[in-house]
Amino acid sequence: MATVETGKTIEKQPKKIAPRSAVKKADSKINKLTTYDMIVKAISDNQQRKGVSRQAIIKFIQDFFKVKVDLKTRSTVNRVLRGCVKNGKLEIKGSRFKLPQKKTKSATTTKKDVVKQKKTGSKDMKKVRNKKITKTEKAPIKKASKASS
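None of these values were measured; they are calculated from a predicted model. (Residues numbered from 1 in each chain as written. Predicted model: local features only at pLDDT ≥ 70, side-chain atom pairs only at ≥ 80, totals over all residues. Heavy atoms only, no water.)

Asker: Lay out the sheet that holds strand β5 (residues 96-98) with the relevant residues and their values.
Answerer: Strand order in this open sheet of three strands is β3-β5-β4, and the pairing throughout is antiparallel. Each having just a single partner strand, β3 (52-53) and β4 (91-93) make up the two edges of the open sheet. (Pairing = 2+ DSSP bridges. Helix = DSSP H or I, 4+ residues; strand = E, 2+ residues; numbered from the N terminus.)

Here is the structure:
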């Protein structure tokens with residue numbers, strides 16, 4: 001409560017407070033993001049072919065998410081980056097970080113691919129069967145040795 005002097009009497013007036021729900025709604029989305037989510041957003045928004053450096057990730061987090069960057073924040077980002085590289089969630093080349101490439105459909109085999117492989121495989125096997133095998137191995141000849149008694 002604030003006090004206001006008017007002449008000789010002191011009147012107490014209630015403080016004007018912003019509604020809590022409005023303040024929470026604005027900050028709740030940013031506060032709920034984990035450091036990993038912020039890093040992934042930074043890497044995906046900076047679409048560089050070679051990847052994104054650690055300094056660029058920290059600068060993006062500072063500018064986009066309005067996070068105060070101090071020693072604690074930097075060490076947290078570094079720890080999360082190391083853990084993500086170790087778990088395979090991020091790839092590292094030199095000092096740049098990239099998101100791992102998603103597997104495409106061509107990498108996985110489908111039923112059609114398997115049928116095609118079987119058809120081509122059978123033709124190759126027929127060619128091999130038709131060729132005559134000319135290489136023969138000779139068994140080593142054992143010479144009988146006379147046993148002395």
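Asker: Give me the pattern of salt bridges: which residues, what numbers.
Answerer: All told, the structure shown has one salt bridge when counted by the stated rule. K41 is the salt-bridge partner of D45, the closest N and O atoms lying 3.5 Å from each other. Of this pair, D45 and K41 both sit in helix α2 (residues 35-45), separated by four residues, roughly a single helical turn. The exposure class assigned to K41 is partly exposed, which follows from its relative accessible area of 33%. (Salt bridge = Lys/Arg side-chain N within 4 Å of Asp/Glu carboxyl O. Buried < 20%, exposed > 50% of the residue type's maximum accessible area, 1.4 Å probe, protein only.)

Asker: Hey, could you go over the nonpolar core for me, with residue numbers and the actual values?
Answerer: Within the largest apolar cluster, 17 residues are counted, with the highest numbers of intra-cluster contacts made by I39, I43, I57, I61, V77, L81 and L90. Those residues in contact with I39, other than ones at most four positions away along the chain, are I57, I61, V77, V80, L81 and L90. (Core = buried A, V, L, I, M, F, W, Y, C linked by side-chain atoms within 4.5 Å. Contact = heavy atoms within 4.5 Å.)

Asker: How would you explain unusual backbone geometry if you had to name every residue and give the values?
Answerer: One non-glycine residue, K66, adopts positive backbone phi at about 55 degrees. Among the secondary structure elements, K66 is positioned in the loop between α3 (54-64) and α4 (71-87). For K66, a relative accessible area of 68% gives the class exposed.

Asker: Kindly report on the packing of α2 against α3, identifying the contributing residues and their values.
Answerer: Geometrically, a packed helix pair is captured by the angle between its two axes and the distance between the axes. Contact pair α2 / α3: the axes reach a minimum separation of 9 Å and the direction vectors enclose 105 degrees. Comparing their axes, α3 and α2 come out roughly perpendicular. Packed against α2, whose contacting residues are M38, I39, K41, A42, I43 and D45, the element α3 presents I57, F60, I61 and F64 at the interface. Looking at side-chain class alone, the contact of α2 with α3 contains eight nonpolar, no polar and two charged residues. (Axes fitted to C-alpha atoms, helices over the stretch in contact; angles between N-to-C directions. Parallel < 35°, antiparallel > 145°, perpendicular 65-115°, else oblique. Nonpolar A, V, L, I, M, F, W, Y, C, P; charged D, E, K, R; others polar.)

Asker: Lay out a positive patch on the surface with the relevant residues and their values.
Answerer: On the surface, a cluster of positive charge is made up of R49, K50, K93 and R96. For K93, the location among the structural elements is in strand β4. (Patch = residues over 30% accessible without salt bridge, like charges linked within 9 Å, V, L, I, M, F, W, Y side chains within 5 Å. Areas by Shrake-Rupley, 256 points an atom, 1.4 Å probe, with all protein chains shown as cover. Lys, Arg positive; Asp, Glu negative; His and termini not counted. Charge placed at Lys NZ, Arg CZ, Asp CG, Glu CD.)

Asker: Outline the packing of α3 against α4, supporting the account with residue identities and numerical values.
Answerer: α4 packs onto α3 with a crossing angle of 125 degrees between their chain directions and a minimal axis gap of 11 Å. It follows from the interaxial angle that α3 and α4 lie oblique. As for how α3 packs across α4, the hand of that crossing is right-handed. In this structure, α3 uses R54, I57, I58 and I61 to contact α4, whose residues at the interface are R74, V77, N78 and L81. Tallied by class, the residues present in the contact of α3 with α4 amount to five nonpolar, one polar and two charged. (Left-handed = near helix turned anticlockwise from the far one by under 90°.)

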